[in-house]
Amino acid sequence: MAYEMKQYRLLALDLDGTLLNDRSEISETNAQWVRHAVEAGVTVCVSTGRGFQGALPIVEQLGLDSPMITVNGGEIWTKPHSLHRQTLLDVEKVMKLHALAERHPDVWFWAYSTEGIYNKEKWAGDATAFRWLKFGYYTEDVPVLNEILREIRDWEGLEISNSSPYNIEINPVGVSKATALMELCRMKGFDMSEVVSVGDSLNDIAAIRASGLGVAMGNAQDEVKLAANAVTATNQEDGVAQVIRNYVLRT
């Protein structure tokens, strides 16, 4: 299949709610169009709030050997298993975030360390023994979620976002998918104007705004749609395939 290339050289794809459907699967249509993009010389980069271990099976399924952005930019990989940069969340802040979680017994919480993921059911005994990347809260009780958000907004040194309307994700201040993409562009000699970013949640907004083309999924949070240059179909309707077909490649 022949394509007329547009100006885009790097395609940054969020996973949950974007590339993946509601069963956390890649549709054959999305997978096919990702392959078309790679064949046309586009660098396809997974850009996710997931940790490396959660993102790797998707990358392997797609056969990608390209850069990865994990834990919202807390880790940048030049390719799978090749770590370029890691930005750690201060352990005292993790302990403070954990103490706040403990005050809300109905709220689920989790945290990514460099060794793996810990959560409400299996917490790290001595937090100071670990190197931390990200902390998160989840509850469908929106008033409680907002109460937590109001409290942590007053704390210094935190980058606050979400990957769904019912969670809060916390990274070190300055860490985002956007700053990670800027670093990847520096490494590869790309300009941010040559980047297409696709996502559905608040942790995608900075990247969507900073990229040459920012695309919100049809199922994206309203704030993300407002920040985007374009809105594609939902993650149930192969929205990523449509982005590749309509914007990245001209078929």
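This text follows the structure it describes.
All chains use their own residue numbering, which begins from 1 and follows the written sequence. The predicted nature of this model means local features are confined to residues of pLDDT at least 70 and side-chain atom pairs, given and counted, to a pLDDT of 80 or more, with totals for whole chains, interfaces and linings taken over all residues. Water and hydrogen atoms were dropped before computing side-chain values, which therefore reflect all heavy atoms in the structure.

Asker: Can you tell me about the overall build of the protein chain, naming the residues and giving the values?
Answerer: Numbering of helices and strands runs from the N terminus, with a helix taken as a DSSP run of H or I at least four residues long and a strand as a DSSP run of E at least two residues long. Of the regular secondary structure elements, the protein chain holds nine helices and 15 strands. Whereas a compact globule of 251 residues would reach a radius of gyration of roughly 18 Å, the protein chain reaches 18 Å, a difference of no more than 12%. The dimensions of the protein chain, computed from C-alpha atoms along their principal axes, are 55 × 35 × 30 Å. When the 251 residues of the protein chain are sorted by exposure, 55% land in the buried category. Contacts between residues were defined by any pair of non-hydrogen atoms, one from each residue, lying within 4.5 Å. If you take every contact in the protein chain between residues at least 6 apart in sequence, the share linking residues at least 24 apart comes to 56%. The Shrake-Rupley method, run with a 1.4 Å probe sphere, supplies the accessible areas, and residue values consider only the shown protein chains as cover. Accessible area for the protein chain stands at about 11100 Å²; split by element, carbon and sulfur atoms hold 46% of it. We compute the radius of gyration from the C-alpha atoms alone; for a globule the expected value is 2.2 Å times N to the 0.38, where N is the number of residues. Three labels apply to residues, based on accessible area from a 1.4 Å probe with only protein chains included: buried if under 20% of the type maximum, exposed if over 50%, partly exposed otherwise in between.

Asker: Account for helix 4 (residues 91-102), with residues named and values stated.
Answerer: What a helix should span is 1.5 Å times the count of its residues minus one. Its 12 residues place the ends of helix 4 16 Å apart at the C-alpha level, agreeing with the 16 Å of an ideal helix rising 1.5 Å per residue. Those residues of helix 4 lying buried are V94, L97, H98, L100 and A101. The buried residues of helix 4 occupy an angular sector of 160° when projected down its axis, which confines them to one face. Every exposed residue of helix 4 that faces more than 90 degrees away from the buried side is listed here: E92 and E102. Contact partners of the buried residues in helix 4: strand 7 (108-113), strand 9 (132-138), helix 5 (142-152), strand 10 (158-161) and strand 11 (167-172). Throughout, the arc means that of the directions going from the helix axis to the C-beta atoms.

Asker: Lay out the side chain of E169 in plain terms, naming residues and giving numbers.
Answerer: In this structure, E169 sits in strand 11. Polar contact criterion, stated in full: a pair of N or O atoms within 3.5 Å, where within protein one must be able to donate a hydrogen and the other to accept it, and residues adjacent in sequence count only if both atoms are side-chain atoms. In terms of polar contacts, E169 uses its side chain to reach the side chain of K134, at 2.9 Å. In this view, E169 contacts G49, N72, W110, K134, F135, G136, E159, I160, S161, N162, S163 and N203; residues no more than four positions away in its chain are not counted.

Asker: Describe the sheet that holds strand 9, naming the residues involved and giving the relevant values.
Answerer: Strand pairing is defined by DSSP finding a minimum of two bridges between the two strands. Pairing is antiparallel across the open sheet formed by five strands, whose spatial order is 8-7-9-11-10. Unpaired on one side and paired on the other, strand 8 (117-119) and strand 10 mark the two borders of the sheet. Each adjacent strand pair in this sheet contributes to an overall mean axis angle of 20°, direction not counted. For strand 9 and strand 11, the ladder comprises four bridges, and the chain directions are antiparallel. Note on strand 11: the bridge partner recorded for F135 is I170. Sitting on the sheet, helix 4 is in contact with strand 7, strand 9, strand 10 and strand 11, with an inclination near 15° to strand 9. The axes used here are C-alpha line fits, helices contributing only the stretch in contact, and every angle between their N-to-C directions lies in the interval 0 to 180 degrees.

Asker: So what's going on with the packing of aromatic side chains? Residues and values would help.
Answerer: Classification of ring pairs uses Phe, Tyr and Trp, with its six-membered ring standing for Trp, and accepts pairs whose centres are within 6.5 Å; under 30 degrees between planes counts as stacked, over 60 as edge-to-face, and the remaining range as tilted. Within this structure, the stated rule accounts for nine aromatic pairs. Ring geometry for F52 and W77: centres 4.1 Å apart, planes at 25°, overall stacked. On the criterion of sequence distance, the pair formed by F52 in helix 3 (residues 52-62) and W77 in strand 5 (residues 75-79) is long-range, its members being 25 residues apart. We classify W77 as buried; its relative accessible area is 8%.

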